[in-house]
Amino acid sequence: MSRTSSDNKADSPDNKADRRTRVTVLVALAANLVIAAAKAVGGLAAGSPALMSEAAHSVADSMNEVFLLAALRRSRRPADKRHPFGYGKERFFWSLLAAVGIFVMGGCFSFFQGLQALRNGAEEKTSGYVAGLIVLGVSFLAEGVSLLRAVHQVRRQGGSGGGMRDPALRTVVAEDGTAVLGVTLAAIGMALHMVTGQVVWEASASFGIGALLVFVAFHLGREARDQLIGEAADPEAADRIRDLLQEQPEIDSVEALFTMKTGLDQALVAARVDLVPGLDSEQVEKVAVRIKRTVADSVPEADQIFLDITDRPAEEARESPAATGERGGA
């Protein structure tokens, strides 16, 4: 017994949020493409390892924005025979690729640039420092504008508890925030190199940028991993569903409740319930339909709802990790 939600309408809140997120990603992409080119030219001209690390950072961010645009487009496709629960998890998959891109293209290249600077040194002229610092200043402004746009959208979509549920928006905020910090580190490294003549400062800036990117990539990747392997719905939604089921007069007890996110705002719900005695098969069917409709109307993210009518003892049903809330893995 299941219920499948109808296709989203063009003017639905979800699609409006997606359009706003798409604009945010496009703003970040445009900023990163321009900044990456400017940093690369400035880094090559100045021979600055910190500036080259920042160029790699911007290139990684640009590639990731392409991944996020693909996620926004593909995740809203309707369910079909091959994917009966829809394509909502595409959003999580492309976000995982973005995290890998940040790690490999940004973090690893930054560490490489730092090592190269320590090994070979870096001779820079005053004009190179000036050009590099100007590029970083412009980059700081562009990244700041993109970050403000992303933060504004997060607030419009409910703050950190609402807007940050979207992996695409969460990735843009993380990328832009990291970019602002990275530009600051690069500018400090270049300034100290210019003052002291010691390349170790720029190398240290490259290492700092690399460590920052690896840290962000790890956390974004862990979030995407949890969602891909089947993360439970938000505890508040699960509690509302359980309360609704327990309020139904035909349900004697809720033996177990299982939820799993199948998309950004979609969740699969499976409940094992024990009905009161005396209901015949026709009554059971009508009751099940009404209960599922009640849950779906009260909890919009309950996209697929399954009821398992059972007389299994509650103690036995509650022994499974999914029912008790125990976690597995690291």
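This structure is a prediction, so every number in the text was calculated from the model and none was measured. The written sequence of each chain sets the order in which its residues are numbered from 1. The predicted origin of the model limits local features to residues at a pLDDT of at least 70 and limits the giving and counting of side-chain atom pairs to 80 or more, whereas totals for whole chains, interfaces and linings rest on all residues. Side-chain measures were taken over the full set of non-hydrogen atoms in the model, leaving aside hydrogen atoms and water.

Turning next to the sheet that holds strand β1 (residues 251-263). Any two strands between which DSSP finds at least two bridges are classified as paired. Labels follow the DSSP assignment, with helices taken as runs of H or I lasting at least four residues and strands as runs of E lasting at least two, numbered in each case from the N terminus. With mixed pairing, three strands are arranged side by side in an open sheet as β1-β2-β3. This sheet does not close on itself; its edge strands, each paired only once, are β1 and β3 (302-309). Strand-to-strand, the axes of this sheet are offset by a mean angle of 15°, without reference to chain direction. Where β1 and strand β2 (residues 266-275) come together, 10 bridges link them in antiparallel fashion. Think of each axis as a best-fit line through the C-alpha atoms, taken over the contacting stretch in the case of a helix, with angles from 0 to 180 degrees between the N-to-C directions.

Below, the discussion takes up the nonpolar core. Definition of nonpolar core: a set of buried residues of the types Ala, Val, Leu, Ile, Met, Phe, Trp, Tyr and Cys, connected through side-chain atoms within 4.5 Å. Burial here depends on accessible area, computed with a 1.4 Å probe over protein chains only, as a share of the maximum for the residue type. Under 20% is buried, over 50% is exposed, and the range in between is partly exposed. Within the largest apolar cluster, 21 residues are counted, with the highest numbers of intra-cluster contacts made by Ile 241, Leu 245, Ile 251, Ile 291 and Val 295. When residues of this core are assigned to their parent elements, the largest contribution, six residues, is made by helix α8 (residues 281-298). For Ile 291, the residues in contact, after removing those within four places along its chain, are Leu 245, Gln 248, Ile 251 and Leu 307. Formed by 16 residues, the second largest nonpolar core is a distinct cluster that contains Leu 51, Val 135, Leu 136 and Ala 186. Note on contacts: a residue pair is in contact if any heavy atoms of the two residues lie within 4.5 Å.

With respect to the helices, strands and loops of the structure, Met 52 is situated in helix α2 (residues 49-74). As for Met 52 and Ser 206, which are separated by 154 residues in sequence, their C-alpha atoms are 8.7 Å apart. When neighbours within four sequence positions are excluded, Met 52 is seen to be in contact with Ala 40, Gly 43, Leu 44, Phe 109 and Gln 113.

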